Amino acid sequence: AGSEFPAPSSPASSCKQATITLEMQDCLGRLLDRVDQELNLYLERAKSRLNAERDRESGAVSRTVADLAASQQAWRRYRDSACQAVWSFWSGGSIRGPKLLECRIALAREYLDHMTGLEGLAA
């Protein structure tokens, strides 16, 4: 599953052609959309696989599906809180928007990397 989502370059290097803050924000926004789509696709595949296994075995609600949903909610709260701190740190300048997006991209990539490292979850 991990090879399906190759690790892209850093957010800043992916948008190095951007020369003004607005261009950086636009580029990073598109990059965040792609990373979020990859993460959502992976999580949907994982849930589908876990539900299929549940249906084959006992038909009972899978604890793993519930744990996966809870962990994603906790991760989103963590991401929002951590990136809010980045926003606050850079609040005195126009670079705060790109810095916020870079934070969200970096954390989403880390989460995706971790999730795809769980052997067979969405294989």
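Now for a description of the structure that goes with this document. The model shown is predicted, which means the values in this text are computed figures rather than measured ones.

So, on to the overall build of the chain. Across its full length, the chain carries four helices and zero strands. Taken from the N to the C terminus, the helices and strands of the chain come in the order α-α-α-α. Within the chain, residue pairs in contact and separated by at least 24 positions form 71% of the contacts whose partners lie at least 6 positions apart. A total accessible area of about 7500 Å² is found for the chain, and carbon and sulfur atoms account for 53% of it.

Bringing the pattern of salt bridges into the picture now. Enumeration according to the criterion identifies five salt bridges in this entry. Residues K47 and E44 are paired through a salt bridge, measuring 3.9 Å at the closest nitrogen-oxygen approach. Of the two residues, K47 and E44 are both situated in helix α2 (residues 21–57); the distance of three residues between them amounts to about one turn of the helix. Classification of K47 as partly exposed rests on a relative accessible area of 21%. Its relative accessible area of 46% is what places E44 among the partly exposed residues.

Along the polypeptide, R79 turns up in helix α3 (residues 63–89). In this view, R79 contacts R104 and L107; residues no more than four positions away in its chain are not counted.

Another aspect to go through is the state of the cysteines. Overall, the coordinates contain two disulfides when judged by the stated rule. Two residues share a disulfide in this structure: C83 and C103, whose sulfurs sit 2.1 Å from each other. Judged by the sign of its S-S torsion, about -90 degrees, the cystine formed by C83 and C103 is left-handed. With C83 in helix α3 and C103 in helix α4 (residues 96–116), this residue pair connects regions lying 20 residues apart in the sequence.

Parameters and conventions
Residues numbered from 1 in each chain as written. Predicted model: local features only at pLDDT ≥ 70, side-chain atom pairs only at ≥ 80, totals over all residues. Heavy atoms only, no water. Helix = DSSP H or I, 4+ residues; strand = E, 2+ residues; numbered from the N terminus. Contact = heavy atoms within 4.5 Å. Areas by Shrake-Rupley, 256 points an atom, 1.4 Å probe, with all protein chains shown as cover. Salt bridge = Lys/Arg side-chain N within 4 Å of Asp/Glu carboxyl O. Buried < 20%, exposed > 50% of the residue type's maximum accessible area, 1.4 Å probe, protein only. Disulfide = S-S within 2.5 Å.

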